[in-house]
Amino acid sequence: MKKKVLVTGGAGFVGSHLCRRLLNDGNEVICLDNFFTGNKENIIDLLPHPYFELVRHDVQEPILLEVDEIYNLACPASPPYYQYDPVATTRTSVLGAINMLDIARKCNAKILQASTSEVYGDPEVHPQPETYRGSVSTTGIRACYDEGKRCAETLFFDYYRQYGVEIKVIRIFNTYGPYMNPDDGRVVSNFIVQALKGKDITMYGDGTQTRSFQYIDDLIDGMIKLMASRSEFTGPVNIGNPDEFTMLELAKKVIELTDSKSKIIYKPLPQDDPLQRQPMIDLAKKELDWYPKINLRDGLVKSIEYFKKII
Ligand code: NAD
Ligand code: UDP
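Residues numbered from 1 in each chain as written. Chains lettered and ligands numbered in written order. Predicted model: local features only at pLDDT ≥ 70, side-chain atom pairs only at ≥ 80, totals over all residues. Heavy atoms only, no water.

J.: Honestly, the pairing of strand β4 (residues 69-72) in this entry has me stumped. Any pointers?
T.: Working note: regular strand, side chains alternate between the two faces of the sheet. Where burial is concerned, the two faces of β4 agree: the one with E69 and Y71 and the one with I70 and N72 are both buried. Pairing of strand β1 (residues 4-8) with β4, which is carried by four bridges, proceeds in the parallel orientation. Across the sheet, the residue bridging to V5 is E69, located in β4. Bridge count between β4 and strand β5 (residues 110-116): four bridges; the pairing is parallel. By the bridge assignment for β5, Y71 is matched with L112. (Buried < 20%, exposed > 50% of the residue type's maximum accessible area, 1.4 Å probe, protein only. Helix = DSSP H or I, 4+ residues; strand = E, 2+ residues; numbered from the N terminus. Pairing = 2+ DSSP bridges.)

So, in structure tokens, the structure goes:
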């Protein structure tokens, strides 16, 4: 059955993939975005689609829309952008969650929150299961994002308990792929663009910190499966690829795959930068029959093709 689906942050990296997938699956899609980090180019091919609508709106303000499902993605995700106006970042997460949950409550719509592995902060438990409560600074430069996302999770669970809203909370681990903004500042896009342009690769710290990178198609599958899961299943559920790499290993892979002559240069590690991160995905396997299918090498090859075209 055709559903009317609202995607906030739909013009961003993840949101544009999600809008495309939802349309291909035969749904009507309303893409809502204020274009802070999103870009019309990401969804330009969708504009002529008869079941696609674009709404320019800031989720910090209330809005009334009639929908069956909501994916709440609106929020800058890259450290340089979410730290640019930290107060707006927290407001976007907190007021955005309230405004979208109010729509869900009024329309009896199902709502999914794009939460993040950042709720675990700089983790003392490794790998991170959903039961781990995290190690997050409330005062550091990442707190506007981390604490905003943690409060959004709290609001989701309170709307669920207090008003019976059907909620789904996904904790997304580092994701990469086509339609990332080349100036976004995140590590995969930075390294690929630097390698393709023959510029120095900027390594923050000594490069021994780790991340676990998932390719965008795996994430979108996880989001769709979570939204379709049994109504009692709220999450939070980790969606990420457990293959863990140091940033030095990532840089070397990118240099090899782009056949680049770029050199690695070292810059200071930003404050509160997590030293390690790896998802435990047993819950996603059990509840959603989901596991990542695309390894880092294959995902990087697809991403490099995209960045070659656009830069
Ligand atoms: P992105 O910056 O590409 O997309 C975010 C989108 O939200 C942009 O289109 C932006 O313009 C829009 N937006 C920001 N503030 C808004 C506001 N106040 N009102 C309306 N729209 C607003 O980032 P992304 O990587 O696509 O991330 C999407 C979501 O997934 C975010 O909520 C992010 O926290 C979450 N997430 C992403 C990752 C990742 O690795 N990509 C990891 C964990 C969580
Ligand atoms: N990083 C880096 N060089 C860059 C951008 C990022 O070494 O040009 C590092 C960053 O310090 C962090 C890791 O790569 O340790 C992942 O950074 P990103 O911003 O992509 O994601 P997050 O820190 O939010 O997981």
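Still to come is the rest of the account.
J.: What is the right way to read the site of ligand 2 from this model?
T.: With respect to spatial proximity, 18 residues lie near ligand 2, and among them N190, T202, R211, D273 and R277 are the closest. Between an oxygen atom of ligand 2 and a side-chain N or O atom of N190, the distance comes to 2.8 Å. Within the side chain of R211, an N or O atom sits 2.7 Å from an oxygen atom of ligand 2. Relative to its unbound accessible surface of 520 Å², ligand 2 loses 95% to contact with the protein. Looking at the shell around ligand 2, its residues break down into seven nonpolar, five polar and six charged. (Near = heavy atom within 4 Å. Polar contact = N/O pair within 3.5 Å; in protein donor to acceptor, adjacent residues only side chain to side chain. Areas by Shrake-Rupley, 256 points an atom, 1.4 Å probe, with all protein chains shown as cover. Nonpolar A, V, L, I, M, F, W, Y, C, P; charged D, E, K, R; others polar.)

J.: Explain the site of ligand 1 here, please?
T.: In the vicinity of ligand 1 there are 30 residues, among which D33, T37, Y145, K149 and T175 approach most closely. At a separation of 3.3 Å, a nitrogen atom of ligand 1 approaches a polar backbone atom of N34. With the chains in place, 97% of the 820 Å² that ligand 1 exposes on its own is no longer accessible. Counting only elements with at least two residues in the shell around ligand 1, the list comes to α1 (13-24), β5 and α4 (143-163). The element that contributes the greatest number of residues to the shell around ligand 1 is β5, accounting for three residues. A breakdown of the residues in the shell around ligand 1 according to their chemical character gives 14 nonpolar, twelve polar and four charged.

J.: Please explain the pattern of salt bridges as it appears in this structure.
T.: Should the charged atoms of two oppositely charged side chains come close, the side chains can pair. The full count for this structure, using the stated rule, is 16 salt bridges. Across the salt bridge formed by R277 and E118, the nearest N and O atoms sit 2.2 Å from each other. Of the two residues, R277 sits in the loop between β13 (264-267) and α8 (282-288) while E118 sits in the loop between β5 and α4, which places them 159 residues apart along the sequence. We classify E118 as buried; its relative accessible area is 4%. Here R161 and D158 are joined by a salt bridge, their closest N and O atoms 2.9 Å apart. Placement of both R161 and D158 in helix α4 is noted, with a separation of three residues, approximately one turn of the helix. Residue class for D158 comes out partly exposed when judged on its relative accessible area of 31%. One continuous salt-bridge network, built from bridges that share partners, spans E118, R142, R211, D273 and R277. (Salt bridge = Lys/Arg side-chain N within 4 Å of Asp/Glu carboxyl O.)

J.: Just to check I follow, could you spell out the sheet that holds β1 for this structure?
T.: The strands making up a sheet associate through backbone hydrogen bonding, with each pair oriented either parallel or antiparallel. Reading across from one edge, β3-β2-β1-β4-β5-β6-β11 is the order of the seven strands in this open sheet, with parallel pairing throughout. The open sheet has two edge strands, β3 (52-56) and β11 (237-239), and neither has a second partner. The mean inter-strand angle of the sheet, taken between neighbouring strand axes irrespective of direction, is 20°. Where strand β2 (residues 28-33) lies against β3, five bridges are found, and the strand directions are parallel. By the bridge assignment for β3, I30 is matched with E53. Across the face of the sheet, α1 comes into contact with β1, β2, β3 and β4 while running at roughly 170° to β1. Contacting β1, β4, β5 and β6 (167-172), helix α3 (residues 86-107) runs over the sheet at an angle of about 170° to β4. (Axes fitted to C-alpha atoms, helices over the stretch in contact; angles between N-to-C directions. Contact = heavy atoms within 4.5 Å.)

J.: Could you clarify how one ought to interpret the packing of helix α5 (residues 187-197) against helix α7 (residues 247-258) in this entry?
T.: Helix-helix packing is described using two parameters, namely the angle between the two axes and the distance between the axes. Contact geometry of α5 with α7 gives a least axis separation of 9 Å together with a crossing angle of 40°. The angle between the axes of α5 and α7 places the two elements in the oblique class. With respect to the hand of their crossing, α5 and α7 are arranged in right-handed fashion. Contacts between α5 and α7 involve V187, V188, F191, I192, A195 and L196 on the former and, on the latter, M247, L250, A251, V254 and T258. Of the residues in the contact of α5 with α7, the class split is ten nonpolar, one polar and no charged. (Parallel < 35°, antiparallel > 145°, perpendicular 65-115°, else oblique. Left-handed = near helix turned anticlockwise from the far one by under 90°.)

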